[in-house]
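Breakdown of the fold
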Amino acid sequence: MVALYINGVHHELDVSPEMPILWAVRDVVGLTGTKFGCGVAACGACTVHLDGKAIRSCVTPVSAAAGRHVTTIEGLAPEGKEHPLQAAWVEDQVPQCGYCQSGQIMSAAALIKKTPNPSDKEIEAAMSGNICRCGCYERINSAIRRAAHETANA
Ligand code: FES
Ligand code: FES
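Basis of the calculations
Residues numbered from 1 in each chain as written. Chains lettered and ligands numbered in written order. Predicted model: local features only at pLDDT ≥ 70, side-chain atom pairs only at ≥ 80, totals over all residues. Heavy atoms only, no water. Axes fitted to C-alpha atoms, helices over the stretch in contact; angles between N-to-C directions. Helix = DSSP H or I, 4+ residues; strand = E, 2+ residues; numbered from the N terminus. Parallel < 35°, antiparallel > 145°, perpendicular 65-115°, else oblique. Left-handed = near helix turned anticlockwise from the far one by under 90°. Contact = heavy atoms within 4.5 Å. Nonpolar A, V, L, I, M, F, W, Y, C, P; charged D, E, K, R; others polar. Buried < 20%, exposed > 50% of the residue type's maximum accessible area, 1.4 Å probe, protein only. Polar contact = N/O pair within 3.5 Å; in protein donor to acceptor, adjacent residues only side chain to side chain. Salt bridge = Lys/Arg side-chain N within 4 Å of Asp/Glu carboxyl O.

**A few points about the packing of helix H3 (residues 101-114) against helix H4 (residues 120-127)**
To describe two helices that pack against each other, one gives the angle between their axes and the distance between the axes. Taken N-terminus to C-terminus, the directions of H3 and H4 make an angle of 130°; their axes are 10 Å apart at the nearest point. In terms of their interaxial angle, H3 and H4 are classed as oblique. Read as a crossing pair, H3 and H4 show a hand that is right-handed. In contact with Gln-104, Ser-107, Ala-108 and Leu-111 of H3, H4 contributes Glu-122, Ile-123, Ala-126 and Met-127. Here the contact of H3 with H4 is built from residues that sort into five nonpolar, two polar and one charged.

**Looking at the side chain of Asn-130**
Structurally, Asn-130 can be placed in the loop between H4 and helix H5 (137-152). Residue class for Asn-130 comes out buried when judged on its relative accessible area of 2%. A distance of 2.8 Å separates polar atoms of two side chains, one belonging to Asn-130 and the other to Ser-107. The residues touching Asn-130, leaving out its near neighbours within four places in the chain, are Cys-43, Gly-44, Thr-47, Arg-56, Gly-103, Gln-104, Ser-107 and Tyr-137.

**Re the pattern of salt bridges**
Oppositely charged side chains can pair when the atoms bearing their charge come close. Tallied over the entire structure, the rule returns four salt bridges. Between Asp-120 and Arg-145 there is a salt bridge; the shortest N-O distance is 3.2 Å. One end of the pair, Asp-120, is in helix H4; the other, Arg-145, is in helix H5, and 25 residues separate them in sequence. Here Arg-146 ties to Glu-150 by a salt bridge, and the two come within 3.8 Å at their closest N and O atoms. Within this pair, Arg-146 and its partner Glu-150 are both found in helix H5, separated by four residues, close to a single helical turn.

Interpretation in functional terms is not warranted from these geometric data alone.
Structure (structure tokens):
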């Protein structure tokens, strides 16, 4: 049994402690916004937050989250209040196929929480581990800059 918070809700999961957080949130809790890409921490599709930091949920055992807070894409906009990144994503029409996008947004959200006005270099460093097979990188970076700018001027 592993007890943790997922998107602010307390869960006691009857799973092996070694189960990756990815499968706990998708298969046990039923939150399918977090995606499986490579399974070896190489693509970023599975990115979630653990106590506010971006992590690769495909290689992080659920035991590492015991007593802690996991946030998935479904929990990024609590009470329906749109996250500035989500608004910017829509404004810039970022996704193509969409598969990588929840991981991209979760990495970007961790970045702008820590660094509200990131430089291009900081964006590149924070996002370099998130692969997009559709090649939407320009729009991803532009949406991050837009969200940071709009947050700073809110
Ligand atoms: S599925 Fe986790 S990094 Fe690719
Ligand atoms: S939008 Fe298709 S992989 Fe990124």
